[in-house]
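# Descriptive structure summary
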Amino acid sequence: MMIDPVTLIAALIVASTPILLAGIGELVVEKAGVLNLGVEGMMIMGAVCGFAIAVQTGSPTLGFLAAAAGGAALSLIFAILTQYLLSNQVATGLALTLFGLGLSSLIGESISGSTPPPVARLDIPGLSDMPVLGPILFSHTSMVYISVGLVVAVWAVLKHTHIGLVIRAVGENHDAAHALGYKVVRVRIAAILFGGACAGLGGAFFSMVRVPQWTEGMTAGAGWIALALVVFASWKPGRVMLGAYLFGGITALQLRLQAAGIDVPVEILAMSPYVITILVLVIMSSGKARAALNAPAALGKVFHATG
Amino acid sequence: MFKLEKRPSPSKPWILATPILAVVMTMLAGGLMFAVLGKNPFEAIRIIFYDPLFNAQFASYSRPQLLVKAGPLILIAIGLSLGFRAGIWNIGAEGQYIMGAIAGATFGLAFYPTESPLIFPGMVIAGALGGWAWAMIPAILRTVFRTNEILVSLLLVYVAEKFLASAAVGFLRNPEGSGFPGSRQLNRIDAMSNPELFANTGMHWGVVMAFISVIAAYILLNKHLLGYQIKLAGQAPRAAKFAGVNPSRLIILCLGVSGALAGLAGLFEVSGPAGQISIDFNVGYGFTAIIVAFLGRLHPVGILLAGLLMALTYIGGELAQLMLGIPASAIQAFQGMLLFFLLALDVLSNYRIRMKKGEATA
């Protein structure tokens, strides 16, 4: 069996970047006490918006900006419904996914079949030409580095800044945070928009870098895997990255095994990322490492300020 | 500024009025969407909601389709509504629908070419068991390991879709189909087909089953202790605990019933309207049924009406595609919009809106 470990690791990083972006965004949302199940819908909206704008303008940068805007715009619906109209977060998140899937294929109707402009890869003379490390670390698109930077930034903000403290307070106990004078609703809306933008970027990474093409429903459950990732990470940014690279590794490996024509049915291999995600969820939710213990206490609860 | 004041109990008139209001607002917003697409919004809305039922040219074809499409939606939504009421979120009905269809078809085709009146009832049982078994995975993981049933049931949809692909090109492929993917045409084999029971009504066994499930759910929720426990667990989990409701039992039961009903819907579909197991025989009924359940206010009679309305948007959507070239995906967005409006308007049933007097502080 010929699987080159260097290209496998490089492919792993590419495969994990979409769920890493979406996962780190959702982590912030959940840290603020909001459960947004619409990640899949926001990702697919990002995928189509990014693709459409990149094709129109020929600029990948504008494409990614549009993707972030598209994801955030969709999440704004969720924000208004859950924060002002106090709707059930589970149902609203589902609606977001259903609506996003429909709207994205509507937008994408006219542009499927076009090719997006190539996204430039980092090319540092010397570093990128290094054997082994060059292709693994120094030959990716800028989005890969941005995603890693985002994880570090989220970790630093949550852990070491006042804003991070407010976000966590709102997520742990919204009534106490409200009593202290923090604007619970505003903090949450900002977190939801951030999550939407991140999911949008993750989706655009699919349609502009990884595939790169637009097909209906192309995110194929990545949004749900990103949601599982946050549970797996027990709401810790560093672990989101670890988890994303693990899942990415499985995806990249199973695609390579399919290509290598190994004696396992293709469908079984294609199932593996989902099955392994479920297994990981089971492991995390059982036993001593009860991830739920680390969940933000107000996660998914409706906040209604009285008085 | 406005201020929301929680009602002691949800307002009855608003609970009935909000679905209607949501449909009207969706028509308005949908009309806007169609206008953006460059279509005449009035014509589009008329074609979706009126023509399938009353246009002399199309109604003869469309009217029977109403029951064909509403049947599976109602059947699945009734099952989901029980869980949703108890705060148990099975959102993987699409997967249970697929697995029910595969299990039922496999049972039937195993006896091919035997003709026996027992084969179809056997397929029905196998279909229900297939969906039930698939729903038992999240149920058991939830009760034993406390794994989130939302994520597990949803992720299993993707697993079921891959399994469907392998069935359609593998063990269920028609050996006489010259290598094309897809099983034998179940609806052309007498012993395995789920026929139209009365000509030009669209009524098939799945629709009968859907009506039975509506009645059964109504009785369960209103006359039976279990129905009371389901409602109690959703509204007051702590009180339910003191009242001796066993949460694990409720989870196994709600997921099991919804899985079995979704499996039945899948079996009736592949042996009837869809006709065979093919890679993409599933068209998302399992997801649309979530909208149906909410639109019907999780009430059996409401779900019956909501299922018919949602079926109408499917048929009207196909017609609009044909007549105006409105993309099929527009209907999906339209259905999603409906759920948004419904959830947004729910605030009126649960809260009173009061004007704030003179106070500047929040």
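Provided above is the structure to which this section pertains.
Thresholds applied
Residues numbered from 1 in each chain as written. Chains lettered and ligands numbered in written order. Predicted model: local features only at pLDDT ≥ 70, side-chain atom pairs only at ≥ 80, totals over all residues. Heavy atoms only, no water. Helix = DSSP H or I, 4+ residues; strand = E, 2+ residues; numbered from the N terminus. Rg over C-alpha atoms; globule rule 2.2 N^0.38 Å. Buried < 20%, exposed > 50% of the residue type's maximum accessible area, 1.4 Å probe, protein only. Contact = heavy atoms within 4.5 Å. Buried area = accessible area lost by both parts, 1.4 Å probe. Salt bridge = Lys/Arg side-chain N within 4 Å of Asp/Glu carboxyl O.

### Examining the overall build of chain B
Counting its regular elements, chain B contains 14 helices and two strands. At 22 Å, chain B has a C-alpha radius of gyration in line with the 21 Å of a compact globule built from 362 residues. Projecting the C-alpha coordinates of chain B onto the three principal axes gives extents of approximately 80 × 55 × 35 Å. Counting the 362 residues in chain B, one finds 57% classified as buried.

### Considering the interface of chain A and chain B
Residue-level contacts link 45 residues of chain A with 41 residues of chain B. Here chain A and chain B share an interface that buries about 3700 Å² over both sides, 81% of which is from carbon and sulfur atoms. Considering only the side of chain A, the residues that lose the most area to chain B are A:L98, A:L106 and A:W224, jointly responsible for 16% of the buried surface there. Linking chain A with chain B are zero salt bridges, by the criterion used here. Tallying contributions element by element places helix α4 (residues 89-108) of chain A first for the side of chain A that touches chain B, with 13 residues.

### Things to note about the pattern of salt bridges
All names here are of chain B. Within this structure, the stated rule accounts for seven salt bridges over all chains. With a shortest N-O distance of 2.9 Å, R297 and D346 are connected by a salt bridge. Placement of the pair is R297 in the loop between α12 (285-295) and α13 (300-324) and D346 in helix α14 (residues 328-350), with a sequence separation of 49 residues. Several salt bridges converge on common partners, so that one network encompasses E5, R352 and R354.

### Looking at the environment of B:R46
Residues and elements named next belong to chain B. Along the chain, R46 turns up in helix α2 (residues 41-49). R46 sits in the partly exposed class, given a relative accessible area of 39%. Residues R46 and I102, 56 residues apart in the sequence, show an inter-C-alpha distance of 38 Å.

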